[in-house]
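Coordinate inspection notes
Here is what each chain is made of, one letter per residue.
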Amino acid sequence: FFKVSSEPPEGSSDATEGHDDEDEIYEGEYQGIPSAGDKKHKDGQVALGQPMSDATRDRKGLEEERQADEEELAQQYELIIQECGHGRFQWQLFLVLGLALMSDGVEVFVVGFVLPSAETDMCVPNSSSGWLGSVIYLGMMVGAFFWGGMSDKVGRRQCLLICMSTNGFFAFLSSFVQGYGLFLLCRLFAGFGIGGAVPIVFSFFAEVLSREKRGEHLSWLCMFWMIGEIYASAMAWAIIPHYGWSFSMGSAYQFHSWRVFVVVCALPCVCAVVALTFMPESPRFYLEVGKHDEAWMILKQIHDTNMRARGQPEKVFTVNRIKIPKQLDELVEMESESGNPVSKFFFRIKIYLNLMKCFNYPMRENMIRLAIVWFTLSFGYYGLSVWFPDVIKHLQADEYASKVKIYSNERTEDFTFNFTLENQIHKNALFINDKFINMKLKSVTFIDSTFRNCYFDDVTSVGSFFRNCTFIDAFFFNTDIDESKLIDGTEVVNSTFNHNKIGCQMTFDDDYSAYWVYFINFLGTLAVLPGNIVSALLMDKIGRLSMLGGSMVLSGISCFFLWFGTSESMMIFMLCLYNGLSISAWNSLDVVTTESFPTVRRGTGFGFCNALCKLAAVLGNLIFGSLVGITKAIPILMASSVLVGGGLVGLRLPDTRANVLM
């Protein structure tokens, strides 16, 4: 422990409120740390900020001394947090960090919702369409590791502010860019920003919670990720199908409804950034890096805020001394005034050195187990999350194709088509002197047909093609019919194209399939609510590991029932069941990971695990997505095996329920 000095910290009104006219001290007054320049020390006593030279002491001994100090600090900090109480401050921080976590949930699902519309709007070929789904996870993977590691070096609040601001800026920008490449780049940087949210949010909140409150309230915090899903699903359901909510500046700049949806989904991030500016840094982080005056002031703020809310403003914060961990030479150099700013920065970003310590004894085995559980749970969850909607859309497409109308050897002459043709195939048709005016073609295919002296004006086509057809003396004005629609040997003879529409057209206001897709996701998200409530209430009662292993094993078993999903309603039911069972595993894994690392490596360790999670999501997207419509056996067996295997490994993790935060 350090001995309190009689000099108050400079410029701090709260810390000096205990002084009377005779400069006496009463209980609860914090006198700060003696300055480095204070030479009035007792014989043999070393001033704080002036550690004895470590040149004659080996590195291992210094680290052992610091480890002992950290263990003592952990016990004392737990008592301090208990004295501060659980009240208004924690609930305020809960809401602010919840908005950040909600933004992460929105970011994960926003890409899936805008993918079909964005691909159509930007004329993306099928060979490139998978990149948009993967690039967001790649950005989040790098962001989770980088921002998680940085939060251990420069602070939780500061890193969270920067990464959330990065996400909000690029998410907002992505709604306005027109090119697919620029859109990908913006979503990549938006993912890089939001990647830091999960590791920082859980580390930050855990450090202001007492041991008996930690499991339950971290689980309640997880609900904001579900709220983000619900928000994204509801907004997609309400906005994207309304193609009329758009404007254009000529034919080159189109702002369709899916872009409005992207803007709306950036709002939780903006709110989180604004709210976070009013919150202080984690006091536990300040103590770890030797900023004890700042830590004491924040702890006093927590105490006073909670006591005022309880109607006990007169209650005094009695802590006046806090254990100081041994500051190793490089940490002292990093913080010293003489340290080079450039060297300070590069020292701070040596995140990989901190990560390597996570794999040192005695943490190595637990780190490997955590990595396996994160990877398997994410691979199964995100893989099936992609597979479920695609299978449902595949079932819908099969049903739609089964209703196609086929017309053969028809002859139409001097007729005006001014209505929508949908889901039709015309074979060996002959059209003579016909007019196609102000009409739409949806999923219409003309095969081996001839158009002679026909007039096309304001024709829009989606999913429609002319295969091996012949156009003779035809005139096209303001249509989207071009070489991409005229395929398989189609010939154009003595025909004219004027003012063709530029870009891919998004039309058909009567297309209700989009409503159905978003409604399915909305139902799947609501199914998570019971699991969230149960996991929060039982987290401290049945234990993190029982909930983690049990939830993953049950989720894996539930995958086998997918074999019987031959209809949309059955698949939707299975989606809801799977989501409801798996959410408890996610919540308990977040809690266990937070509690498994010491403060100095909590952000780094959690960030690495979360980066593995996003890597598994990319692999799950690619592997499961490639199997849609081909086979059910491989996705079902793969998801079941990884979930059950990961659950069994999770049961081998150490129980952290009774531990104080190191």
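All figures in this text were calculated on a predicted structure; none of them were measured in a lab. (Residues numbered from 1 in each chain as written. Predicted model: local features only at pLDDT ≥ 70, side-chain atom pairs only at ≥ 80, totals over all residues. Heavy atoms only, no water.)

**A look at the overall build of the protein**
Check the secondary structure of the protein and you find 21 helices and 16 strands. When burial is assessed residue by residue, the protein has 52% of its 662 residues classed as buried. Within the protein, contacts between residues separated by at least 24 positions form 67% of all contacts whose residues are at least 6 apart in sequence. Surface accessibility of the protein: about 28,600 Å² in total, with carbon and sulfur atoms responsible for 60%. (Helix = DSSP H or I, 4+ residues; strand = E, 2+ residues; numbered from the N terminus. Buried < 20%, exposed > 50% of the residue type's maximum accessible area, 1.4 Å probe, protein only. Contact = heavy atoms within 4.5 Å. Areas by Shrake-Rupley, 256 points an atom, 1.4 Å probe, with all protein chains shown as cover.)

**A closer look at unusual backbone geometry**
One non-glycine residue, N423, adopts positive backbone phi at about 55°. Within the secondary structure, N423 is located in strand 6 (residues 421-427). Residue N438 is not a glycine yet carries a positive backbone phi of 50°. Within the secondary structure, N438 sits in strand 8 (residues 435-447). The exposure class of N438 is exposed, given its relative accessible area of 53%.

**Observations concerning the pairing of strand 8**
Note that strand 5 (residues 416-417) and strand 8 share two bridges and pair parallel. Bridge pairing links T416 to K435 in strand 8. By the bridge criterion, seven bridges tie strand 8 to strand 10 (residues 455-462) in an arrangement that is parallel. Note on strand 10: the bridge partner recorded for K442 is V462. (Pairing = 2+ DSSP bridges.)

**Comments concerning the sheet that holds strand 4 (residues 411-413)**
Read across the open sheet, the five strands follow the order 4-7-9-12-15; overall the sheet is parallel. Looking along the sheet, the strands with just one partner apiece sit at the ends: strand 4 and strand 15 (491-493). Put simply, the sheet's adjacent strands are angled 5° from each other on average, direction ignored. Both strand 9 (residues 450-452) and strand 12 (residues 470-472) contribute to a ladder of three bridges, which runs parallel. The partner of F451 across the bridge, within strand 12, is F471. (Axes fitted to C-alpha atoms, helices over the stretch in contact; angles between N-to-C directions.)

**Section: the packing of helix 6 (residues 197-206) against helix 7 (residues 211-239)**
Each pair of packed helices can be described by the angle between their axes along with the distance between the axes. The contact between helix 6 and helix 7 brings their axes to 10 Å, and the two run at 145°. Our pair here, helix 6 against helix 7, has a crossing hand that is right-handed. Of the residues in helix 7, those in contact with V201, F202, F205 and A206 of helix 6 are R214, H217, L218, L221 and C222. Taken together, the residues that form the contact of helix 6 with helix 7 break down as seven nonpolar, one polar and one charged. (Left-handed = near helix turned anticlockwise from the far one by under 90°. Nonpolar A, V, L, I, M, F, W, Y, C, P; charged D, E, K, R; others polar.)

**A short note on a nonpolar patch on the surface**
On the surface, a cluster of nonpolar side chains totalling about 440 Å² of accessible area is made up of L529, I533, V534, L537, L538 and I542. Within the element layout of this structure, L529 appears in helix 17 (residues 528-542). (Patch = residues over 30% accessible without salt bridge, like charges linked within 9 Å, V, L, I, M, F, W, Y side chains within 5 Å. Salt bridge = Lys/Arg side-chain N within 4 Å of Asp/Glu carboxyl O.)

**Considerations on the pattern of salt bridges**
Under the counting rule described, the total for this entry stands at 12 salt bridges. Of the charged contacts, one joins E365 and R369 as a salt bridge, the two residues approaching to 3.6 Å between their closest N and O atoms. Of this pair, E365 and R369 both sit in helix 15 (residues 364-402), four residues apart, which is roughly one turn of the helix. Residue E365 is classed as exposed on the basis of its relative accessible area, which comes to 53%. The network of salt bridges with common partners includes D152, R156, E207 and R602.

**Quick notes on the packing of aromatic side chains**
Each aromatic ring pair is specified by the distance between its two centres and by the angle formed by the two planes. Per the stated rule, a full pass over the model turns up 36 aromatic pairs. Each ring, one from F415 and one from F417, has its centre 4.8 Å from the other, and the planes form 75°; the classification is edge-to-face. Here F415 falls in the partly exposed class, since its relative accessible area comes to 38%. (Phe/Tyr/Trp six-rings, centres within 6.5 Å; stacked < 30°, edge-to-face > 60°.)

**Comments concerning helix 6**
Buried residues dominate helix 6, accounting for 10 of its 10 residues. Among all positions in helix 6, only A197, V198, P199, I200, V201, F202, S203, F204, F205 and A206 are buried.

**Concerning the confidence of the model for the protein**
Any residue range with low pLDDT should be treated as having predicted coordinates unsuitable for detailed reading. Averaged over all residues, the pLDDT of the protein equals 76, while 74% of them reach at least 70. Of all secondary-structure elements in the protein, the lowest mean pLDDT belongs to helix 12 (residues 329-335), at 43, while strand 9 reaches the highest, 94. Contacts of residues 1-29 to residues separated by more than four positions or lying in other chains number 56 contacts, the stretch itself having pLDDT below 50. Note on residues 329-339: pLDDT under 50 across the span, and 15 contacts to partners over four residues away in sequence or across chains. (pLDDT = per-residue confidence, 0-100.)

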